Amino acid sequence: MGYKIDTQCIHGKGGQEHSYGAIPIPIYQTATFSHPGIGQSTGYDYSRESNPTRAELENTISALEGAYDTVACSTGMAALSLCLELLEAGAHVVCSEDLYGGSVRIFESVGRRRDLSFSYIDTSDAALVEQEITPATKALYIETPSNPTMKVTDLRAMKRLADQYNLLLIVDNTFLSPYLQNPIALGADLVIHSGTKFLGGHNDTLAGFLCTASPELAEKIRYYYKTVGSSLAPFDSFLLLRGIKTLAVRIEKQQSNARKIARWLKEQPRVEQVYYVGLPEHPGYEVNASQARGTGSMISFRVDSEETARKVLEKVRLIVYAESLGGVESLITYPMLQTHGDVPKEVREKLGITETFLRFSVGIEDAEDLIADLAQALE
Ligand SMILES: *Cc1c(COP(=O)(O)O)cnc(C)c1O
């Protein structure tokens, strides 16, 4: 019988023993491996293809996500780029409209040059998704909750469409992490993570994961993985394994902080709207509760003016004005200039990513200290 998820964070699939009784897996800092004899292998030949430290990490992520296989990549974008290798020229993809800005950038540059096309729509409305599907459509690409406006997409409804029209269902699960949501159990074929965020958790390294649900997809991905060389280094694999050991406790604390902060923000006169899936009035609250084990720690909010937004960014002391999310340190970002700076202005404004819109990744500091910092910045 498999272990529960908080145990898996620490022991992976369990039963692993390392040389000399070492508790964490050693960092196998080697590019290549000697062969015991002609035509023989230790199981490892060359680290671009596979490495024991990285394999331990990949097995841990597969256990957490309920995946058949996982490849660990140098960044989240490397994982997404690998995923694009599965699409043939001419393929069309229906995407959530407010994706991570870097995802839109790779689709519109690399993707378009490969003759792929992308529609960006509000995937929280399954009827809209169905209307966008054409004979060329080969995949659905979903973020739920979305980045940064926190729209929730019903993954079971996407799975029904994927089955009906024979599409790949791809989910970027970075925002909730495998601790709170497992898209493969709901029918996804591929799950992407920026391991830089919650999985690494300490704002100190980059990583990405591409999890596959079936042996057929895993075989194709493994082939492209060793061919293009998206591999995560052994030392970074170790840092990720170390980060994941505290994933459960970090996320519980971040989430409990986020709930308090979201409720507090709602009462502030200069705050006009709070976007947090943990607020019962959030339009996606019920759907999220039906498919995830929690509401995470990403909050966006709209303030009364551009001046207030800029003041908040300049005046925060404990909270850091920086891109990224999911780490132990609380970070605040200005999506208009940072994560979504490359998204065309009309698209951005239609989504509500304007001068007054801020995104807050809640860390594990004391909630009262975070609230006091926001309070002085909003004064
Ligand atoms: C950060 C992020 C990415 C890209 O990951 P990197 O590790 O920065 O390359 C992709 N998707 C989401 C939702 C992200 O937040």
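Residues numbered from 1 in each chain as written. Predicted model: local features only at pLDDT ≥ 70, side-chain atom pairs only at ≥ 80, totals over all residues. Heavy atoms only, no water.

A. Representation of helix H4 (residues 101-113). Counted at 1.5 Å a residue, the expected span for H4 with its 13 residues is 18 Å, and the 18 Å between its end C-alpha atoms agrees. Along H4, the sharpest kink reaches roughly 30 degrees, centred on Phe107. Among the residues making up H4, those that are buried are Gly101, Gly102, Ser103, Val104, Ile106, Phe107 and Gly111. Against the buried residues of H4 lie helix H3 (76-84), strand E2 (92-96), strand E3 (117-121) and strand E4 (137-143). (Helix = DSSP H or I, 4+ residues; strand = E, 2+ residues; numbered from the N terminus. Expected span 1.5 Å × (residues − 1). Bend = angle between axes of the 7 residues up to and from the residue. Buried < 20%, exposed > 50% of the residue type's maximum accessible area, 1.4 Å probe, protein only. Contact = heavy atoms within 4.5 Å.)

B. The nonpolar core, seen in detail. In this structure, Leu57, Leu140, Met158, Leu169 and Leu247 are the most contacted members of the largest nonpolar core, which totals 50 residues. A total of 5 residues in this core trace back to one element, the largest contributor, which is helix H6 (residues 155-165). Not counting the four nearest positions on each side in its chain, Leu57 is found in contact with Ala72, Phe209, Leu232, Ser237, Leu240, Leu241 and Ile244. Judged by nonpolar contacts, the second largest core, of 29 residues, contains Cys73, Val93, Cys95 and Val104. (Core = buried A, V, L, I, M, F, W, Y, C linked by side-chain atoms within 4.5 Å.)

C. Representation of the packing of H3 against H4 within the structure. Running from N to C, H3 and H4 cross one another at 35 degrees; their axes reach a closest spacing of 11 Å. Viewed along their axes, H3 and H4 form a crossing whose handedness is right-handed. On H4, the residues touching Met77, Leu80, Ser81 and Leu84 of H3 are Gly102, Ser103, Ile106 and Phe107. Taken together, the residues that form the contact of H3 with H4 break down as 5 nonpolar, 3 polar and no charged. (Axes fitted to C-alpha atoms, helices over the stretch in contact; angles between N-to-C directions. Left-handed = near helix turned anticlockwise from the far one by under 90°. Nonpolar A, V, L, I, M, F, W, Y, C, P; charged D, E, K, R; others polar.)

D. Here's a closer look at the packing of aromatic side chains. With the rule as written, the count across this model stands at 6 aromatic pairs. Ring geometry for Phe33 and Tyr44: centres 5.7 Å apart, planes at 35 degrees, overall tilted. You can see Phe33 sitting in the loop between helix H1 (5-11) and helix H2 (52-65) and its partner Tyr44 sitting in the loop between H1 and H2, a full 11 residues away along the chain. By relative accessible area, which is 23% here, Tyr44 ends up partly exposed. Between Phe107 and Tyr141, the aromatic rings sit 5.1 Å apart at their centres with planes inclined by 90 degrees, giving edge-to-face as the arrangement. You can see Phe107 sitting in helix H4 and its partner Tyr141 sitting in strand E4, a full 34 residues away along the chain. Neither Phe107 nor Tyr141 differs from the other in exposure class; each is buried. Put simply, the rings of Phe107, Phe118 and Tyr141 pair up and form one aromatic cluster. The positively charged end of Lys197 is found above the aromatic ring belonging to Tyr100, 5.1 Å away from the centroid. (Phe/Tyr/Trp six-rings, centres within 6.5 Å; stacked < 30°, edge-to-face > 60°. Lys NZ or Arg CZ within 6 Å of the ring centre and 35° of its normal.)

E. Representation of the pairing of strand E7 (residues 208-212) within the structure. Taken across its 5 residues, E7 has 5 buried, putting it largely inside the fold. As judged from the 5 bridges shared by strand E1 (residues 69-73) and E7, these two strands associate in the antiparallel manner. Following the sheet pairing, Ala72 is matched in E7 by Phe209. Sheet topology note: the strand E6 (residues 190-194)/E7 ladder contains 5 bridges and is antiparallel. Within E7, the position partnered with Ser194 by the bridge is Gly208. (Pairing = 2+ DSSP bridges.)

F. Representation of unusual backbone geometry. For the bond from Thr144 to Pro145, the omega torsion is -5 degrees, close enough to zero to count as cis. Its place among the elements puts Pro145 in the loop between E4 and H6. The omega torsion across Asn147 and Pro148 is 5 degrees, close enough to zero to call that bond cis. Along the chain, the position of Pro148 falls in the loop between E4 and H6.

G. Inspection of the environment of Leu199 at higher detail. Tracing the backbone through its elements, the reader meets Leu199 in the loop between E6 and E7. Along the sequence, Leu199 and Leu239 sit 40 residues apart, while their C-alpha atoms lie 9.8 Å from each other. Not counting residues up to four positions away in its chain, the partners in contact with Leu199 are Ile61, Pro178, His193, Phe209, Leu240, Gly243, Ile244, Leu247 and Arg250.

H. Highlighting the site of the ligand. Residues in close proximity to the ligand include Thr75, Gly76, Met77, Tyr100, Glu143, Asp172, Thr174, Ser194, Thr196, Lys197, Ala207 and Leu325, which together make up its full environment. A distance of 2.9 Å separates an oxygen atom of the ligand from a polar backbone atom of Met77. Protein contacts shield 93% of the accessible area of the ligand, which totals 380 Å² for the unbound molecule. (Near = heavy atom within 4 Å. Polar contact = N/O pair within 3.5 Å; in protein donor to acceptor, adjacent residues only side chain to side chain. Areas by Shrake-Rupley, 256 points an atom, 1.4 Å probe, with all protein chains shown as cover.)

I. How the structure looks around the pattern of salt bridges. The full count for this structure, using the stated rule, is 13 salt bridges. Between Glu97 and Lys350 there is a salt bridge whose closest N-O contact spans 3.2 Å. Within this pair, whereas Glu97 is found in the loop between E2 and H4, its partner Lys350 is found in helix H13 (residues 345-351), the two being separated by 253 residues in sequence. Overall, the relative accessible area of 13% leaves Glu97 in the buried class. Residue classification places Lys350 among the exposed positions, given a relative accessible area of 65%. (Salt bridge = Lys/Arg side-chain N within 4 Å of Asp/Glu carboxyl O.)

J. View of the sheet that holds strand E5 (residues 168-172). Here 7 strands make up an open sheet; going across it, the order is E1-E7-E6-E5-E4-E2-E3 and the pairing mixed. At either end of the open sheet lies a strand with only one pairing partner, and these are E1 and E3. Ignoring strand direction, the axes of neighbouring strands in this sheet form an average angle of 20 degrees. Sitting on the sheet, helix H8 (residues 215-228) is in contact with E1, E5, E6 and E7, with an inclination near 20 degrees to E1.

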